[in-house]
Amino acid sequence: MSSASLIRPSGSTGRILHVTPRSAGWDYVEFAVVETSAGAPWTGMEHDRETAIVPLAGSGRVCVGDDEVVELSRASVFTEMAPVLYLPPGVAYRIESESRLRASVGSAPAEGRYPVRVFEPAEMRVEIRGGGQAHRQVVHSLAHPLPAEKLILYEVYVPRGTWSGWPPHCHDGRDGSPYLEEVYYFRLDRPEGYAIHRNWRHDEDYDDAMVVSDGDAALVPKGYHTSVACPGSNMYFLNYLAGEPSDDERSTPPCFASEHTWIEADWTAGAWGLPVVSAAAGGAAA
């Protein structure tokens, strides 16, 4: 049975993937992936929401308001970091390209405290998290201290056969965590590849595991969550988050599943080397 939290793309131009607060059953995050080409731009304006636009592949520009033009390009999410274009509420935009540009467009409620701004890769904190079979590179694309009212963005690079989000964590307002809604937009570097994403809570009947393919999105409406790439494909994902925390409160950490945090003390503790068992030499005495 397909999960309601698994969103697959459709079409080849225009808005090929779309998540709204209404479709997701939540209050804050809207997310879309748009494909533009010559003669087929994408336009929008959010009256009471801040917007973040991230180039994913190709080249083009965003015409902001009446007179500002921001050039955006990216060969691939797998080969380079990218700028993030931030727009406050009430600013019209048009994404256009003479060739082709795929971009993500996400928004969250806002009052208009910050101006139009381009966040460049040099401003973004980059870290290697975890270890063992749970190591990954995390780019803080629009996370504190980079300013926004509600939006938080990360881009994460996960080697094949590796877990991300381990130990599992939650940010659904329970167990001392902040309330944040989240979209995962996945890309895999081989077309046959897949990943598994799981949301769950042990204190209620909620366990939602889904198989994601290249270009799919997974929603995190609640619960602890984690993802793993299959052994044959490296995995990238882009996170858009928003919820109750505002401004500097966006730095509030999630809550980690206490039964799994022991591994952080030594990521290789207890790991098997093969073979683990073998047949005993000779036969047993009669």
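Structural data are supplied above this passage.
Notes on the structure in this doc start here. Residues take numbers from 1 onward in each chain, read along the sequence in its written order. At least 70 in pLDDT is required for a residue's local features to be given in this predicted model, at least 80 for side-chain atom pairs to be given and counted, and no such filter applies to totals for whole chains, interfaces and linings, which use all residues. With hydrogens and water excluded, all non-hydrogen atoms of the structure serve as input to the side-chain values.

## Structural notes on the overall build of the chain
Heads up, the rule is: Note on conventions: DSSP H or I runs of at least 4 residues are helices, E runs of at least 2 residues are strands, and numbering of each starts at the N terminus. Our radius of gyration is a C-alpha quantity, and the globule rule it is checked against amounts to 2.2 Å times the number of residues to the power 0.38. Here a residue-residue contact requires only that any non-hydrogen atoms of the pair lie within 4.5 Å.
Within the chain, the secondary structure is distributed over one helix and 21 strands. Here the chain has a C-alpha radius of gyration of 21 Å; the compact-globule value for 286 residues is 19 Å, and the two agree. A principal-axis box enclosing the C-alpha atoms of the chain has dimensions of 90 × 40 × 40 Å. Sequence separation of at least 24 residues holds for 73% of the intrachain contacts in the chain that already meet a minimum separation of 6.

## With respect to the environment of His-197
The criterion, for reference: Burial classes: relative accessible area under 20% of the type maximum marks a residue as buried, over 50% as exposed, and values in between as partly exposed (1.4 Å probe, protein chains only). Polar contact criterion, stated in full: a pair of N or O atoms within 3.5 Å, where within protein one must be able to donate a hydrogen and the other to accept it, and residues adjacent in sequence count only if both atoms are side-chain atoms.
Position of His-197 relative to the elements: it lies in strand 16 (residues 195–201). A relative accessible area of 0% places His-197 in the buried class. For the pair His-197 and Ala-218, spaced 21 residues apart in sequence, the C-alpha to C-alpha distance is 7.5 Å. The residues contacting His-197, other than those within four sequence positions of it, are Tyr-184, Phe-186, Asp-208, Ala-209, Met-210, Ala-218, Val-220, His-225, Thr-226 and Ser-227. In this structure the side chain of His-197 is engaged in a polar contact, spanning 2.8 Å, whose partner is the side chain of Asn-199. Side chain to side chain, His-197 and Ser-227 meet in a polar contact 2.7 Å long.

## A word on the packing of aromatic side chains
Rules: The pairing test for Phe, Tyr and Trp rings, Trp by its six-membered ring, is centres within 6.5 Å, and the orientation test on the planes gives stacked under 30 degrees, edge-to-face over 60, and tilted for anything in between. Charges are assigned to positions over rings by a cutoff of 6 Å between ring centre and Lys NZ or Arg CZ, combined with an angular limit of 35 degrees from the ring normal.
Applying the stated criterion to the full structure yields eleven aromatic pairs. Between the aromatic rings of Phe-31 and Tyr-240, the centroid separation amounts to 5.1 Å while the plane-to-plane angle is 65 degrees, which identifies the pairing as edge-to-face. Linking Phe-31 in strand 3 (residues 30–37) with Tyr-240 in strand 20 (residues 235–243), this pair joins segments that are 209 residues apart in sequence. Tyr-240 carries the same exposure label as Phe-31, and that label is buried. Measuring from centroid to centroid gives 6.5 Å for Tyr-86 and Phe-119, while their planes differ by 75 degrees, and the two rings are edge-to-face. Of this pair, Tyr-86 sits in strand 7 (residues 84–87) while Phe-119 sits in strand 10 (residues 117–119); the two residues are 33 residues apart in sequence, bridging distant segments of the chain. We classify Tyr-86 as buried; its relative accessible area is 1%. Among the aromatic residues, those joined into a cluster by ring pairs are Phe-31, Tyr-185 and Tyr-240. Taking NZ or CZ as reference, Lys-222 lies 4.6 Å from the ring centre of Tyr-206, over its face.

## Quick look at the sheet that holds strand 17 (residues 206–212)
Here is the rule we go by: When DSSP finds two or more bridges between two strands, those strands count as paired.
Strand order in the open sheet made by the five strands is 17-16-19-14-21, with antiparallel pairing throughout. Single-partner strands in this sheet number two, and they are strand 17 and strand 21 (255–256). The pairing of strand 16 with strand 19 (residues 224–229) spans six bridges and is classified as antiparallel. Its bridge partner being in strand 19, His-197 is matched across the sheet by Ser-227.

## What to know about the nonpolar core
Just so we agree on the cut-off: To define a nonpolar core, start from buried Ala, Val, Leu, Ile, Met, Phe, Trp, Tyr and Cys residues and group those joined through side-chain atoms within 4.5 Å.
Phe-31 and Leu-142 are the most contacted members of the largest nonpolar core, which has 35 residues in total. Tallying contributions element by element places strand 20 first for this core, with four residues. If we skip the residues at most four places from it in the chain, Leu-142 touches Ala-52, Val-84, Tyr-86, Phe-119, Pro-147, Ala-148, Leu-151, Ile-152, Leu-153 and Arg-250. Membership of the second largest hydrophobic core comes to 20 residues, among which are Ala-143, Leu-188, Val-212 and Met-235.

## Section: the sheet that holds strand 1 (residues 6–7)
The antiparallel open sheet is built from seven strands, whose spatial order is 1-18-15-20-13-12-11. Of all strands in the sheet, those with a lone pairing partner are strand 1 and strand 11 (125–129), marking the two edges. Where strand 15 (residues 180–188) meets strand 18 (residues 217–220), four bridges bridge the pair, whose relative direction is antiparallel. Each residue of the ladder has a partner; that of Val-183, found in strand 18, is Leu-219.

## Brief notes about unusual backbone geometry
Note that the residue after His-144, namely Pro-145, is joined by a cis bond; omega there is 15 degrees. Examined against the element boundaries, Pro-145 turns out to sit in the loop between strand 12 (136–142) and strand 13 (152–158). A cis amide bond links Leu-274 with the next residue in sequence, Pro-275, at an omega value of 0 degrees. Mapping Pro-275 onto the fold places it in the segment after strand 21. Its identity is not glycine, yet Asp-175 carries a phi of approximately 55 degrees, on the positive side. Here Asp-175 lies in the loop between strand 14 (163–170) and strand 15. The class of Asp-175 is partly exposed, set by a relative accessible area of 42%. One non-glycine residue, Asp-247, adopts positive backbone phi at about 55 degrees. The exposure class assigned to Asp-247 is buried, which follows from its relative accessible area of 18%.

Interpretation in functional terms is not warranted from these geometric data alone.
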